[in-house]
Structure formats: C-alpha cells, structure tokens
Amino acid sequence: MRKSLLILLLLIPACCLAQVKITGKVINMTDTKPVPNASVFLNNAQVGNKTTEDGTFTLSNVKPGKYDFIISIVGYETYTYSLQAGSSNIDLGTISIIPKTFQLNEVKIRPDPNREKYYNIFRQQFLGTSDNTAQCKILNSDVLDFDYDDVTYVLKASSHDFLEIENKALGYRIRYKLTNFNYNPGKAMLYYEGISNFEDLKGSEKQKRRWHKQRQIAYLGSSMHFYRAAIKDSLSKENFVVMRLIRKPNPNYHGGPNNKYQQSLVNKPLDRPDFFYTTDQEGLFAIGFTDCLYVMYTKKGQDPSAGTVQAFNMPNNATTIISFDEPHAFFDNNGIVANPHSIVYEGDWGIRRVAEMLPVDYEPVVEKK
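The residue numbering used here restarts from 1 in each chain and proceeds along that chain's sequence as written. Given that the model is predicted, a residue must reach a pLDDT of at least 70 before its local features are reported, and side-chain atom pairs must reach 80 or more before they are shown or counted; all residues, however, enter totals for whole chains, interfaces and linings. Hydrogens and water molecules were not included; the side-chain quantities draw on all heavy atoms of the structure.

S.K.: Please provide a residue-by-residue account of the sheet that holds strand S4 (residues 56-62), values included.
M.R.: Reading across the sheet, the 3 strands line up as S4-S1-S7 and stay open at both edges, with mixed pairing between neighbours. With one partner strand each, in any of the chains shown, S4 and strand S7 (90-97) form the two edges of the open sheet. Adjacent strand axes in the sheet meet at a mean angle of 20°, parallel and antiparallel pairs treated alike. One ladder, built from 5 bridges, connects strand S1 (residues 20-28) with S4; its direction is antiparallel. Paired with valine 20 across the bridge in S4 is valine 62. When DSSP finds two or more bridges between two strands, those strands count as paired. Think of it this way: any DSSP run of H or I at least four residues long counts as a helix, any run of E at least two long counts as a strand, and we number them from the N terminus. Think of each axis as a best-fit line through the C-alpha atoms, taken over the contacting stretch in the case of a helix, with angles from 0 to 180 degrees between the N-to-C directions.

The structure is reproduced here in structure tokens:
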C-alpha cells in the first residue's frame, strides 16, 4: 500500500503543489451594483467560474504563471487584465465593468449564398486537417461572421459570441471568442486569435485514460513543449535540436508557394544562448535570431548531429521553421507567446490548429523511475 501511494505521488505534476486562488468582485460601473453570472476565467486555461449574486468570484487551482484574466457577460464590454500568479493568493478587489451602448438601426437580413463555402474554408483552417479534426465539432457556427474579398481572396472571420467546440479527441469542451481570423491562400498565410476557456468532457474511466494519452501526444514536440524546455535549459534532454536556416529571396520566384526562397541549413546545432534570452520582467522570456530557426523534435531521440540531408528527411522527426517579423518573440512560463505577430511558423507547428490546442495550464504527467 505504501509503495502504491508513492507511485501516485510521483505521477502528480509538481505544479499541483503550488497552486493559488484568485478572488474578487465584479460591479456595474454605471450604478455600482453587483454583476451576477458573469464568466470569469484565465484565457486559454482550464480555470474558470461564474460570479455569484453579490458579484464575487473565486478561481481555484491556478498554476503559477502569466495569464490574461477575462470577465465576459452579454451586455458588457469584455474586461481583460494581465496578471502574474506566483506562490501567494491574489485578491483583485472590486472590478468595474462597462455596459455596452447599443444603437438600434433598421436591419435587413439577407442570407449569404456563400456562407456554407466560407464556413467550410474556415473550419478546415481553424480546426486543421489532422486525425483529431474528425473528432472536433463546432456546435454553434451561427455566431460566426464572415467577410470575403473577391479580389484578394482573403477570408476574414470573427464571432459575436463564444464558439462552443467539442473536441472528443482530447476530451475538451472549448469556449472560443474569435476576435480575428485572416486566411490568405495566395500567400499561404493564416492568423487567428481570440479568448478561450477549457473544461474537461465527461466520460468513462477508459475515455479519460485515452484523452490523457492523446493530450500527451499533442503536447510532445509542440511549441508549448519547446518554450518550456528552453526555459528549463533542457532542450537536448527533451529531444529538441535547433539549427540555423539561412534564407534569401529567390530572384527567379514568380508566385506560388514553392521556391520562394533560396535556403541552406547550417549543419551544426545551435546552443541555447544563441537564441534564448531572459528579460527584466518576472516570468517573461524571449527568443530571437537574425536568420530562421530550424527546430527538430527527434521523437525517438536520433543523433542530433545528423547531416543536412538527413536532418531534412528523417521520417521520425517533426520539424518547424521559425521566422521573425520582429527582433524578439516574448513568451511566459507556460510556453505561450505574448506577441504572436512577431513570428511565423512553418512545418509541424504551422499545421497544428485548434484540434491539437491544449490549455496553457496543461501539465504532462511524467512518471519518475
């Protein structure tokens, strides 16, 4: 019995031993009355709750890290506040939220004959095309608004309420308020952002075991895994190899997705100090590089010193190219990039979409031997 208890303790993520509470009260800025039933949550995390009749709330089991704290309720402007959770409980005090002002105009509703086509494009790009996608379902697509440019072929979208997404591959129900979706097929570019909250689906013990396994698979080799490993200085130990990729514009390029660049991979792994930086802000780190970073996740721990040709073609490696639009990309303890406009992912991370998305407070269970 004592041996079994020890094994269980070793399987508990270390973060569980240092979780904190966040408390506060939400009131209407206009009349200072409490606002009940407002959604309060940490963005992209599994921590969330509702305000009570007197406007108070408690968020429990918060893993230390940097978060965007969100308050959302119909009829009010969405409230956002960045906070750093440490080892002590946080009292946010009284928070005033602003009622929305509505101007009623005559509206003529005309069904868009192309809406189904736009939605099919959106769904494929937003959820992705992996095996997990077949088990993902958007339950309320009617909250989506589309804007399509017939000249540039760019599809834009947003949602006027939270999308309800059921991911039966990973066992999550996701509420996602889409603020910006921009898909440009001509440039093979996709960008989307929003606020979200995760909760576990209910299921049998067998389903839960399968979901935990699939979550672990989604985590390993992901950008979240990479950034967390960089913080811990354990990239090599966790099977990441980073190389320098030199790119130059191809003078013979005349459009299309291929041969846009002339590029060469430097056959020598980079050291962590070559691209990783600390900052003067607690819990915030940065990566930056003059060329592109070529990141390999060696799933089976192959020799990281393999030659250029082998590095590009190893079947068991997941590879990602990181290019920088700004000098640095900043990320927090949870492995989440704070300024996503600063970088572009190509390859493995570039094709991971909502069907593989994990909450920022996800922790893999590592069995100690």
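S.K.: So what about helix H2 (residues 115-127)? Which residues, and what values?
M.R.: End to end, H2 covers 17 Å across 13 residues, agreeing with the expected 18 Å (1.5 Å per residue, within 8%). Residues Tyr118, Tyr119, Phe122, Gln125, Phe126 and Leu127 constitute the buried set of H2. Contacts are assigned to residue pairs with any non-hydrogen atoms lying within 4.5 Å of each other. Summarising the contacts, the buried residues of H2 are in contact with strand S8 (136-138), strand S9 (144-148), strand S10 (155-159), strand S11 (163-167), strand S12 (172-184) and strand S13 (189-200). One or two positions beyond H2, positive phi appears at glycine 128, with a value near 100°. Helix span, as expected, comes to 1.5 Å for every residue beyond the first. Burial status follows relative accessibility: with a 1.4 Å probe on protein chains alone, a residue under 20% of its type maximum counts as buried, one over 50% as exposed, and anything between as partly exposed.

S.K.: Requested: an account of the side chain of threonine 320, with residues and values cited.
M.R.: By the secondary structure assignment, threonine 320 is in strand S19 (residues 317-324). Looking at threonine 320, the relative accessible area reads 1%, which means it is buried. Contacts of threonine 320, omitting those with residues within four sequence positions, involve Leu293, Tyr294, Val295, Tyr345, Glu346, Asp348 and Trp349.

S.K.: Lay out the nonpolar core with the relevant residues and their values.
M.R.: Working definition of a nonpolar core: buried Ala, Val, Leu, Ile, Met, Phe, Trp, Tyr and Cys residues. They are joined through side-chain atoms within 4.5 Å. Counting 30 residues, the largest nonpolar core has Phe122, Phe126, Leu163 and Ile165 as its most contacted members. Within the residue set of this core, elements represented by two or more residues are H2, S8, S9, S10, S11, S12 and helix H3 (205-219). Among all residues touching isoleucine 165, those that are not within four sequence positions of it are Phe126, Leu127, Lys137, Ile138, Tyr172, Arg173, Ile174, Tyr176 and Val354. Counting residues in each nonpolar core, the second largest holds 25 residues, with Ala229, Ile231, Phe240 and Trp349 among its members.

S.K.: Just give me the short version of the packing of aromatic side chains, but keep the residues and values in it.
M.R.: For this analysis, a ring pair means two rings from Phe, Tyr or Trp (six-membered ring only for Trp) whose centres lie within 6.5 Å, classed as stacked if their planes differ by under 30 degrees, edge-to-face if by over 60, and tilted for the remaining angles. One pass over the structure, following the stated rule, counts 22 aromatic pairs. Where phenylalanine 122 meets phenylalanine 146, the ring centres are 6.0 Å apart and the plane angle is 65°; that geometry is what we call edge-to-face. Separated by 24 residues along the polypeptide, phenylalanine 122 in helix H2 and phenylalanine 146 in strand S9 bring together distant segments of the chain. Each member of the pair, phenylalanine 122 as well as phenylalanine 146, is classed as buried. The criterion is that NZ of a Lys, or CZ of an Arg, lies within 6 Å of the ring centre and within 35 degrees of the ring normal, and then a charge sits over that ring. Here lysine 117 stacks its cationic end above the ring of tyrosine 148, 5.7 Å away from the centre of that ring. A cation over an aromatic ring shows up here: lysine 177 above the ring of phenylalanine 162, its NZ or CZ 5.8 Å from the ring centre.

S.K.: With reference to specific residues and values, describe the environment of lysine 213.
M.R.: Turning to its location among the elements, lysine 213 is positioned in helix H3. Measuring from C-alpha to C-alpha, the distance between lysine 213 and proline 364 comes to 9.5 Å, with 151 residues separating the pair along the chain.

S.K.: Provide a residue-level description of the pattern of salt bridges, including the pertinent values.
M.R.: Here, a salt bridge means any Lys or Arg side-chain nitrogen found within 4 Å of an Asp or Glu carboxyl oxygen. Throughout the structure, instances matching the rule amount to 12 salt bridges. Across the pair lysine 63 and glutamate 363 runs a salt bridge whose closest N-O atoms are separated by 2.6 Å. With lysine 63 in the loop between S4 and strand S5 (65-72) and glutamate 363 in the segment after helix H6 (348-351), the pair connects residues that are 300 residues apart, well separated along the chain. Given the relative accessible area of 8%, lysine 63 is considered buried. Taking the shortest distance from any N to any O, the salt bridge between arginine 173 and glutamate 166 comes out at 3.4 Å. The class of arginine 173 is partly exposed, set by a relative accessible area of 25%.

S.K.: So what about the confidence of the model for the chain? Which residues, and what values?
M.R.: A residue's pLDDT is simply how confident the predictor is in it, with values from 0 to 100. On average, residues of the chain score 87 in pLDDT, and 86% of them are at 70 or above. Long-range and interchain partners of residues 1-17, a stretch whose pLDDT sits below 50, account for 9 contacts in this model, where long-range means more than four residues apart. For the stretch residues 301-313, pLDDT sits under 50, and the model shows 22 contacts to residues farther than four places along the chain or on other chains.

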